Structures are given as C-alpha cells and as structure tokens.
Amino acid sequence: MAANCERTFIAIKPDGVQRGLVGEIIKRFEQKGFRLVAMKLVHASEDLLQNSHYIDLKDRPFYPGLVKYMNSGPVVAMVWEGLNVVKTGRVMLGETNPADSKPGTIRCDFLQFKVGRNIIHTASDSVESAQKRRSLWFKPAELVDYKSCAHDWIYE
C-alpha cells in the first residue's frame, strides 16, 4: 500500500443487497478513484455483530433491532483503499439519517428516509477505527495488494 493511501471498511447492509444496489455502490467508489482490495458476501453471525462489530452500541435502545436487522440477510463486506478514503467514504455515504443526507450521497439517492434501513455501513471515522473494523471481517491474507492500471491517472 502506498504511504499516502488509507484503507476503510464499508459494508452494504441486507436491505442494500436485497434491493440490488451492490453494483451501483461499488461503481461510485470506483468512479471516485478508490481501489477495492477485499470483498465478500456473508451472512454475519450474531456473535460477530453482538460481541464485536456493534459492541459499542450494546446499551442503546435500538441495539437489539440493529443486530436482528444486520443478521436478517447477506451483507457485502468490503475494504477500499485510496487517498483520504476514510473521510471521503463517509461523505459519499451521507448522514446516518437519510433525511439529513445531501443529494448525490448514497443514502440520499437510494433511501426511503428511514434510519433503520440505511443500506450501507461505515464505522470508520479514523484510520485506526477502519483498521479495527476491517480486522473483524477480514483476515490479512484476504486483502489483495495490487497496483491499478489507473493509479497513475488518478494520483500525482
């Protein structure tokens, strides 16, 4: 990985998978110039969701419903790489509440204004938290390191 690049964890939630939005979401990240370095379709276990991924939300009133929802169907877990991908990825997704998201963001463009079904996840608000989330979903050997042929056209 180049010194100026970051990696972030992004997951398309069960409603995004069921609604057929996987390709469109991947397209947006690719068009932005980010590089996909890992991806898998998984049915997240309750153990992963309760005891690792959402452990910091366990005392919130919406926690049981969130775990049930995330365990209700397949999730597309991905790792994206690029310059400022953590911050830019969060901007591309939009606000947690789709009604507060700006036009052009994933949540504004594809949602029906429901917080509980916001199609995409990133808890990565820093490079460190992105690494923590990645390690819950991917083993180091599952991250593919390669140079995109478009790299020199995207980065100076």
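Everything numeric here is computed off the predicted structure, so don't read it as measured data. (Residues numbered from 1 in each chain as written. Predicted model: local features only at pLDDT ≥ 70, side-chain atom pairs only at ≥ 80, totals over all residues. Heavy atoms only, no water.)

Here we take up the environment of Phe 9. By the element assignment, Phe 9 lies in strand β1 (residues 6-12). Look at Phe 9 and you get buried, because its relative accessible area is 0%. Once residues within four sequence positions are removed from consideration, Phe 9 is found in contact with His 53, Ala 77, Met 78, His 121, Thr 122, Ser 124, Ala 130, Arg 133, Arg 134, Trp 137 and Phe 138. (Helix = DSSP H or I, 4+ residues; strand = E, 2+ residues; numbered from the N terminus. Buried < 20%, exposed > 50% of the residue type's maximum accessible area, 1.4 Å probe, protein only. Contact = heavy atoms within 4.5 Å.)

Enumeration according to the criterion identifies zero disulfides in this entry. As a non-bridged cysteine, Cys 149 has Cys 5 as the owner of its nearest cysteine sulfur, 15 Å distant. (Disulfide = S-S within 2.5 Å.)

A separate point is the sheet that holds β1. Here four strands make up an open sheet; going across it, the order is β2-β3-β1-β4 and the pairing antiparallel. Edge positions in the sheet fall to β2 (35-42) and β4 (120-121), since each of these pairs with one other strand and no more. The sheet contact formed by β1 and β4 spans two bridges and is antiparallel. Counted as the bridge partner of Ile 12 is Ile 120 from β4. Packing against the sheet, helix α2 (residues 22-31) makes contact with β1, β2, β3 (75-82) and β4, and its axis sits at approximately 5° to β3. (Pairing = 2+ DSSP bridges. Axes fitted to C-alpha atoms, helices over the stretch in contact; angles between N-to-C directions.)

Looking now at helix α4 (residues 63-70). Taken residue by residue, α4 has Tyr 63, Leu 66, Val 67, Tyr 69 and Met 70 as its buried positions. When α4 is viewed along its axis, its buried side chains cluster within an angular range of 165° and face the same direction. When the buried face of α4 is taken as reference, the exposed residues oriented beyond 90 degrees from it are Pro 64 and Lys 68. The inward-facing, buried residues of α4 abut α1 (14-18), α3 (46-53) and β3. (Arc of directions from axis to C-beta.)

Our next topic: the packing of aromatic side chains. This structure, assessed with the given rule, holds three aromatic pairs. When the ring of Phe 29 is compared with that of Phe 34, the centres are 6.3 Å apart and the planes differ by 45°; the resulting orientation is tilted. Measuring from ring centre to ring centre gives 5.2 Å for Phe 29 and Trp 80, while their planes differ by 25°; the resulting arrangement is stacked. Taken as a pair, Phe 29 in helix α2 and Trp 80 in strand β3 lie far apart in primary sequence, 51 residues in all. Three or more aromatic residues joined by ring pairs make a cluster, and in this case those are Phe 29, Phe 34 and Trp 80. (Phe/Tyr/Trp six-rings, centres within 6.5 Å; stacked < 30°, edge-to-face > 60°.)

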